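Below are the chains, spelled out letter by letter.
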Amino acid sequence: MQPFSPDRSRAYESLVRTHGDAVLRFLRRRTEPQTAEDVFSETMLVLWRRFDDVPDEPLPWLYVTARNCLRTAERSTRRQWRVVEKITTIDPPADAVDAGPEEDPRAGCLRNALARLSTTDAEVLRLWAWEELAPPEIATVLDISVNAATIRLHRAKKKLRQEMDRPHRPTTTKGGDR
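Presented here is a report on the structure given in the accompanying data block. (Residues numbered from 1 in each chain as written. Predicted model: local features only at pLDDT ≥ 70, side-chain atom pairs only at ≥ 80, totals over all residues. Heavy atoms only, no water.)

## Quick word on unusual backbone geometry
Here comes step 1: The phi dihedral of Asp143 falls on the positive side, at around 60°, and the residue is not glycine.
Here comes step 2: Asp143 gets classed as exposed once you look at its relative accessible area, which sits at 71%. (Buried < 20%, exposed > 50% of the residue type's maximum accessible area, 1.4 Å probe, protein only.)

The following block contains the structure:
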């Protein structure tokens, strides 16, 4: 990318004035208005960054760029929804724990087993399952070695499996029922 120059800035602004509305219409035909606006902004950022790569006929290039930015936004949205689904299934907020009769019994078992694990074990499992991180990435997040992350993940999975297999009775307070 070339450094900022007034000529480059004017050429960019001219291109946006000439083709910006067409690109925005292109996006609005493919997604809802707010996403179209967000993706349009991202497309214009790519245009600025890759301005030297724009061919003599820029509109098709802009459409391809907009389509690629839209695909990226859609993938991001799908990932966010998958995380939300995992969270609400495995470890819902306290006010959502009172689930109706259609709750999968395995979800409750898993949620209870996770609650019985140490904070460290539960965090390693959440980074692995919810955030879909591999041991090297988990190591970075927890500021430990990759080997330590691999071992912690292996042990946490084993403990979770054991907790899931163990029958548990409701816990009572020390000193008996009150």
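Picking up where we left off.
## Section: the environment of Leu153
Here comes step 1: Tracing the chain through its elements places Leu153 in helix α7 (residues 146–165).
Here comes step 2: Put simply, Leu153 and Ile138 are 15 residues apart on the chain and 9.0 Å apart in space, counted from C-alpha to C-alpha.
Here comes step 3: If near-sequence neighbours (up to four positions away) are discounted, Leu153 is found in contact with Val124, Leu125, Trp128, Pro135 and Ile138. (Helix = DSSP H or I, 4+ residues; strand = E, 2+ residues; numbered from the N terminus. Contact = heavy atoms within 4.5 Å.)

## Some thoughts on helix α2 (residues 33–49)
Here comes step 1: The terminal C-alpha atoms of α2, which comprises 17 residues, lie 24 Å apart, in line with the 24 Å expected from a rise of 1.5 Å per residue.
Here comes step 2: Restricting attention to buried positions, one finds in α2 the residues Thr35, Ala36, Val39, Phe40, Thr43, Met44, Val46 and Leu47. (Expected span 1.5 Å × (residues − 1).)

## Considerations on the packing of aromatic side chains
Here comes step 1: Going through the model one piece at a time under the given rule, you end up with three aromatic pairs.
Here comes step 2: With centroids separated by 5.1 Å and ring planes inclined at 85°, the aromatic side chains of Tyr12 and Trp48 adopt a geometry described as edge-to-face. Linking Tyr12 in helix α1 (residues 6–28) with Trp48 in helix α2, this pair joins segments that are 36 residues apart in sequence.
Here comes step 3: According to the relative accessible area criterion, Tyr12 is buried, its value standing at 17%.
Here comes step 4: Between Phe26 and Tyr63 the ring centres are 4.5 Å apart and the planes differ by 20°, which places this aromatic pair in the stacked class. Within this pair, whereas Phe26 is found in helix α1, its partner Tyr63 is found in helix α3 (residues 58–90), the two being separated by 37 residues in sequence.
Here comes step 5: Through a chain of ring-to-ring contacts, three or more aromatic side chains come together here, namely Tyr12, Trp48 and Phe51.
Here comes step 6: A cation sits over an aromatic face here: Arg30 above Phe26, 3.7 Å from the ring centre. (Phe/Tyr/Trp six-rings, centres within 6.5 Å; stacked < 30°, edge-to-face > 60°. Lys NZ or Arg CZ within 6 Å of the ring centre and 35° of its normal.)

## Description of the pattern of salt bridges
Here comes step 1: Following the criterion strictly, the structure yields six salt bridges and no others.
Here comes step 2: Measuring nitrogen to oxygen at the nearest pair gives 2.5 Å for the salt bridge that ties Glu37 to Arg28.
Here comes step 3: The exposure class of Glu37 is partly exposed, given its relative accessible area of 32%.
Here comes step 4: Salt-bridge contacts for Arg116 lead to Glu163; the nearest nitrogen and oxygen are separated by 2.6 Å. Of this pair, Arg116 sits in helix α4 (residues 105–116) while Glu163 sits in helix α7; the two residues are 47 residues apart in sequence, bridging distant segments of the chain. (Salt bridge = Lys/Arg side-chain N within 4 Å of Asp/Glu carboxyl O.)

## Some points on the packing of helix α5 (residues 119–129) against helix α6 (residues 135–142)
Angle between the axes and distance between the axes: these two values describe a pair of packed helices.
Here comes step 1: At a minimum axis distance of 10 Å, the contact between α5 and α6 shows a crossing angle of 130°. Relative to α6, the element α5 lies oblique. Pair α5 / α6 crosses with right-handed handedness. Contact residues: α5 offers Glu123, Val124, Leu127 and Trp128, while α6 offers Ile138, Val141 and Leu142.
Here comes step 2: Broken down by class, the residue content of the contact of α5 with α6 amounts to six nonpolar, no polar and one charged. (Axes fitted to C-alpha atoms, helices over the stretch in contact; angles between N-to-C directions. Parallel < 35°, antiparallel > 145°, perpendicular 65-115°, else oblique. Left-handed = near helix turned anticlockwise from the far one by under 90°. Nonpolar A, V, L, I, M, F, W, Y, C, P; charged D, E, K, R; others polar.)

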